[in-house]
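So you can see what is in the structure, the chains are spelled out below.
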Amino acid sequence: GYSVERTEKIASEQEELSKTMERLRYFDRLPLKLRPRQFAFMHIGKTAGTSFHHLISDYMPNALIHNGSPEQYDRIRDDELEYYDVLMGHFSFFHSLKFRKNRYLVTFLRDPVDRVISNYFFLRGWTGLVDDTNRQMVESAKQHSFRDFLTSESPQVRTVVENHQTYFCGADWRAPRDIEPKVV
């Protein structure tokens, strides 16, 4: 084995290396202007988010990225999110309260009418997984005219046609809407 002095020296060197690695943690993964902040992209559906997601992934290939669903952001703990350089997904503003305090929070907004029209046609053509989180929206879009989709009383449909971007940025886009549906 090693002498006590040698063991202490190795432990000291390992501790120093660990401190140096922590200081350099962000420097090989993130652009200079982003360090050491966390970059959070709140992806509001049908607002160019998928294109931006790919751009970020390509621009920061070494970043530790968490791309989660709202339900995943509901369950994940603050200390687990702390580890990531980049957070992306359809999370709402209230989820961002779990993120690092030192962060950039970015989103895109779109003309609300254009976004709802785009969302309707997106859901009509949906070929992905249909589950409890999207079933009412997908079925309503596939089975109804645009006008009937807009006036649907389905709680899920209401979340995507009624003040969707406002709820995203102010609370939780999945929150129930207590207003009578109206055609604009």
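Going by the structure above, here's the rest.
Residues numbered from 1 in each chain as written. Predicted model: local features only at pLDDT ≥ 70, side-chain atom pairs only at ≥ 80, totals over all residues. Heavy atoms only, no water.

Asker: Tell me about the overall build of the protein chain, and please be specific about residues and values.
Answerer: When its secondary structure is counted, the protein chain shows 10 helices and 4 strands. Taken from N to C terminus, the helices and strands of the protein chain fall in the order α-β-α-β-α-α-β-α-β-α-α-α-α-α. Among the 184 residues that make up the protein chain, the fraction classed as buried is 36%. Excluding contacts between residues fewer than 6 apart, the proportion of contacts in the protein chain whose partners are at least 24 apart in sequence is 56%. Working note: accessible area of the protein chain is about 11,400 Å², and carbon and sulfur atoms make up 56% of it. (Helix = DSSP H or I, 4+ residues; strand = E, 2+ residues; numbered from the N terminus. Buried < 20%, exposed > 50% of the residue type's maximum accessible area, 1.4 Å probe, protein only. Contact = heavy atoms within 4.5 Å. Areas by Shrake-Rupley, 256 points an atom, 1.4 Å probe, with all protein chains shown as cover.)

Asker: So what's going on with the nonpolar core? Residues and values would help.
Answerer: Residues Tyr73, Phe99, Phe149 and Val161 are the most contacted members of the largest nonpolar core, which totals 22 residues. Of all the secondary-structure elements, those providing two or more residues to this core are strand E1 (38–42), helix H6 (112–124), helix H7 (135–143), helix H8 (146–150) and helix H9 (155–161). Judged by nonpolar contacts, the second largest core, of 10 residues, contains Leu30, Leu34, Phe39 and Met88. (Core = buried A, V, L, I, M, F, W, Y, C linked by side-chain atoms within 4.5 Å.)

Asker: Report on H6, specifying residues and quantitative values.
Answerer: Here H6 contains 13 residues, and its C-alpha end-to-end distance of 18 Å stays within 8% of the 18 Å for a straight helix at 1.5 Å per residue. Where H6 is concerned, the buried positions are Arg115, Val116, Ser118, Asn119, Tyr120 and Leu123. Among the structural elements, H7, H8, H9 and helix H10 (164–170) are those in contact with the buried residues of H6. If you check the start of H6, you find a side-chain oxygen 3.0 Å away from the backbone N of Val113, and it comes from Asp111. (Expected span 1.5 Å × (residues − 1). Polar contact = N/O pair within 3.5 Å; in protein donor to acceptor, adjacent residues only side chain to side chain.)

Asker: Hey, could you go over the sheet that holds strand E4 (residues 103–107) for me, with residue numbers and the actual values?
Answerer: Here we have 4 strands laid out as an open sheet, ordered E2-E3-E1-E4, and parallel in their pairing. Looking at which strands have only one partner, the edges of the open sheet turn out to be strand E2 (65–68) and E4. Across the sheet, the mean angle from the axis of one strand to that of its neighbour is 15 degrees, orientation sign disregarded. Judged from the 4 bridges that link them, E1 and strand E3 (residues 86–89) form a sheet pairing that is parallel. (Pairing = 2+ DSSP bridges. Axes fitted to C-alpha atoms, helices over the stretch in contact; angles between N-to-C directions.)

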